[in-house]
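# Notes for the structure review
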Amino acid sequence: MPCPRVSIGAPTCEIDLDRDGKHHGYVRIPYSAHRSAYGWLPVPIMSIRNGEGPCVLLVGGNHGDEYEGISIFIDLFQKLEPGDITGQLIFMPAANAPAVYAGRRTSPLDHGGEGNLNRLFPGHKNGTPTETIAWFITNELIDRVDAIFDLHSAGSSSDHWPSCKIRLMGDEEKDAVQMEILNLFGAPLALVGDRVHETTLSGEALPKDIIYVSTELGGAGRITPWIRDLGDQGLKRCLKCLGVLPESFPTDPPKFKTRMMNMQNEENYIFAYEDGMFEPAVDVGDQVEDGQFAGYIWNLRQPWKEPTRLHFKKGGLVFTKRHPALCQVGDTLFFTLNDYEN
Ligand SMILES: [Zn+2]
């Protein structure tokens, strides 16, 4: 009888997620490379567990240049002890670790240097590094958790007005909890999602009836203190609501009355249809009208030409703005959001 054929690419987790206490280590992503033939890539994973109770997965660095969530989760892990919680918190603060260490949205190691974790779910067991990380989260973590907080920001190429987002599950009880979470998080904006996208973490979690909360906390590849602190307090209030942190855990009340918004549609966007220099006339957080002037694209190769004037098709709250000035055909320059209609 021949010996069995086994996986050479499957990730392994250095910590036992079923153990009580506070533990840290790496998810090892096998990576046989020129400089390290039998090496693996380290993806940090931490767990705080105190008996039975709700289990919450905290994901930062899904995109590697979105830093508020990374900061919030590292700080939370370092300050909490098992006796502070009921149930379990699993931390993956640098989920796409190769992207985080490169300071990039995407991993430089695969997919032509653009390995985008949140476009590669459910992943592959013996795939590229980014695909293997997605496979680990899908197959080793999602089934053990009751809720996921996946803290995003806009990344280097955009800026967002801070928001928290849920996707309706069609379960009255869980959707009531999710709507409460939106208010408790206390961001200026809350998005009530009516769809999930294939190949994303939300697309894997929602069909399994897991509460999935994401954010867009600022952006531009930096940490903005007031937005980071808003996310930190918002997360803690939500963890109290889910029963992981006790009611006595100190938190501030929300600073914003949250404005509920629908997800964006095609008519909310302004795209670049030429290469050039983007000059915005409005900022994130501004309220704009249908048809309002939005900015210019200047032609840097023929600077004697009149600039292209941009206008919003559909007004609303300016949620996203491109951050770098240089733009190319296909770039999103703005999108707006409109008030939530059930
Ligand atoms: Zn992101």
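Note that the coordinates shown come from a computational prediction; the quantities given were computed from them, not determined experimentally. (Residues numbered from 1 in each chain as written. Predicted model: local features only at pLDDT ≥ 70, side-chain atom pairs only at ≥ 80, totals over all residues. Heavy atoms only, no water.)

The secondary structure content of the protein amounts to six helices and 19 strands. For the protein, whose C-alpha radius of gyration is 21 Å, the value lies close to the compact-globule estimate of 20 Å for 342 residues. Across its three principal directions, the C-alpha atoms of the protein cover 75 × 55 × 35 Å. Per-residue burial for the protein yields a buried fraction of 53% across its 342 residues. Look at the contacts in the protein between residues 6 or more apart in sequence, and 70% of them connect residues 24 or more apart. With an accessible surface of roughly 16,000 Å², the protein has 50% of that area assigned to carbon and sulfur atoms. Side chains of the protein carry 32 positive and 46 negative charges; the gap between the two charge centres is 4 Å. (Helix = DSSP H or I, 4+ residues; strand = E, 2+ residues; numbered from the N terminus. Rg over C-alpha atoms; globule rule 2.2 N^0.38 Å. Buried < 20%, exposed > 50% of the residue type's maximum accessible area, 1.4 Å probe, protein only. Contact = heavy atoms within 4.5 Å. Areas by Shrake-Rupley, 256 points an atom, 1.4 Å probe, with all protein chains shown as cover. Lys, Arg positive; Asp, Glu negative; His and termini not counted. Charge placed at Lys NZ, Arg CZ, Asp CG, Glu CD.)

Distances from the zinc ion to its protein donors, namely His63 (ND1), Glu66 (OE), Glu66 (OE) and His152 (ND1), fall within the range 2.0 to 2.5 Å. Each of the four donor atoms around the zinc ion contributes to a set of angles spanning 55 to 149°, which defines the coordination as irregular. Sequence spacing of the donor residues for the zinc ion, all on one chain, is H-x2-E-x85-H. In this pair, His63 sits in the loop between strand S4 (55-59) and helix H1 (67-79) while His152 sits in strand S6 (residues 147-152), placing the two residues 89 residues apart along the sequence. Note on accessibility: His63 and His152 belong to one class, buried. (Donors = N, O, S within 2.8 Å, 3.2 Å for Na, K, Ca; no water. Tetrahedral: all angles 85-135°; square planar, octahedral: opposite > 155°, others 65-115°.)

Along its sequence, the protein is organised into domain 1 (12-262) and domain 2 (266-337). If you average the C-alpha positions of domain 1 and of domain 2, the two centres end up 31 Å apart. A buried area of about 1,100 Å², summed over both sides, lies between domain 1 and domain 2, and 66% of it is on carbon and sulfur atoms. Between domain 1 and domain 2 we count zero salt bridges in total. Where domain 1 touches domain 2, the interface holds six residue pairs in polar contact (both at pLDDT 80 or more). Contributions of two or more residues to the side of domain 1 that touches domain 2 are made by strand S7 (158-160), strand S9 (189-193) and strand S11 (259-262). (Domains from an automatic or database assignment. Buried area = accessible area lost by both parts, 1.4 Å probe. Salt bridge = Lys/Arg side-chain N within 4 Å of Asp/Glu carboxyl O. Polar contact = N/O pair within 3.5 Å; in protein donor to acceptor, adjacent residues only side chain to side chain.)

Across a regular strand the side chains alternate sides, sitting on one face of the sheet and then on the other. Among the six residues in strand S5 (residues 87-92), six count as buried, and that is most of the element. Going residue by residue along S5, you find Gly87, Leu89 and Phe91 tucked away on one face and Gln88, Ile90 and Met92 tucked away on the opposite face as well. Two elements, strand S3 (residues 40-50) and S5, share five bridges in a ladder whose sense is antiparallel. Looking at the pairing, Ser47 lines up with Ile90 of S5. As paired strands, S4 and S5 are joined by five bridges and run parallel to one another. In the sheet register, Cys55 faces S5, and the bridge partner there is Gln88. For the segment spanning S4, H1 and S5, crossover handedness is right-handed. (Pairing = 2+ DSSP bridges. Right-handed = clockwise from strand over helix to strand, strands pointing away.)

To continue, consider the nonpolar core. Counting 66 residues, the largest nonpolar core has Ile137, Ile148 and Phe149 as its most contacted members. Apart from the residues within four sequence positions on either side, Phe149 is in contact with Val56, Leu57, Leu58, Val59, Phe73, Ile181, Val213, Leu235, Cys238, Leu239 and Leu242. (Core = buried A, V, L, I, M, F, W, Y, C linked by side-chain atoms within 4.5 Å.)

Right, let's talk about helix H3 (residues 129-141) for a bit. An ideal rise of 1.5 Å per residue puts 18 Å on 13 residues; H3 measures up with 17 Å between its terminal C-alpha atoms. Extensive coverage of H3 is indicated by the burial of eleven of its 13 residues. Inspection of H3 places Pro129, Thr130, Glu131, Thr132, Ile133, Ala134, Trp135, Phe136, Ile137, Thr138 and Leu141 among the buried residues, and these make up the whole buried set. (Expected span 1.5 Å × (residues − 1).)

The subject of this paragraph is the sheet that holds strand S18 (residues 326-327). A sheet is described by the order of its strands in space; here four strands give the open sequence S16-S15-S13-S18, paired in antiparallel fashion. In the strand order of this sheet, the two ends are held by strand S16 (308-311) and S18, each with one partner.

Counted under the stated rule, the structure contains 18 salt bridges. The partner of Arg105 in a salt bridge is Glu66, with the nearest N and O atoms 3.1 Å apart. Of this pair, Arg105 sits in the loop between helix H2 (97-102) and H3 while Glu66 sits in the loop between S4 and H1; the two residues are 39 residues apart in sequence, bridging distant segments of the chain. Relative accessible area serves as the criterion here: at 2%, Glu66 is assigned to the buried category. Note that Arg259 and Asp339 form a salt bridge whose closest N and O atoms lie 2.8 Å from each other. Of the two residues, Arg259 sits in strand S11 while Asp339 sits in the segment after strand S19 (332-337), which places them 80 residues apart along the sequence. On the basis of relative accessible area, Asp339 is assigned to the partly exposed category, the value being 40%. Among the charged side chains, a network of salt bridges with common partners joins Asp75, Lys79, Arg228, Asp229, Asp232 and Lys236.

Let us now look at helix H4 (residues 172-185). Counted at 1.5 Å a residue, the expected span for H4 with its 14 residues is 20 Å, and the 20 Å between its end C-alpha atoms agrees. When H4 is considered as a whole, its buried residues turn out to be Asp175, Gln178, Ile181, Leu182 and Phe185. What you see down the axis of H4 is that its buried residues fit within an arc of 110°, all on one side. Away from its buried face by more than 90 degrees, H4 exposes Glu172 and Glu173. If you follow the buried residues of H4, they end up packed against S6, strand S8 (163-167), S9, strand S10 (211-216), helix H6 (225-241) and S11. Regarding H4, its N-cap is Asp171, as a side-chain oxygen of that residue lies 3.0 Å from the backbone nitrogen of Glu173 further along. Residue Gly186 follows H4 closely and has a positive phi angle near 75°. (Arc of directions from axis to C-beta.)

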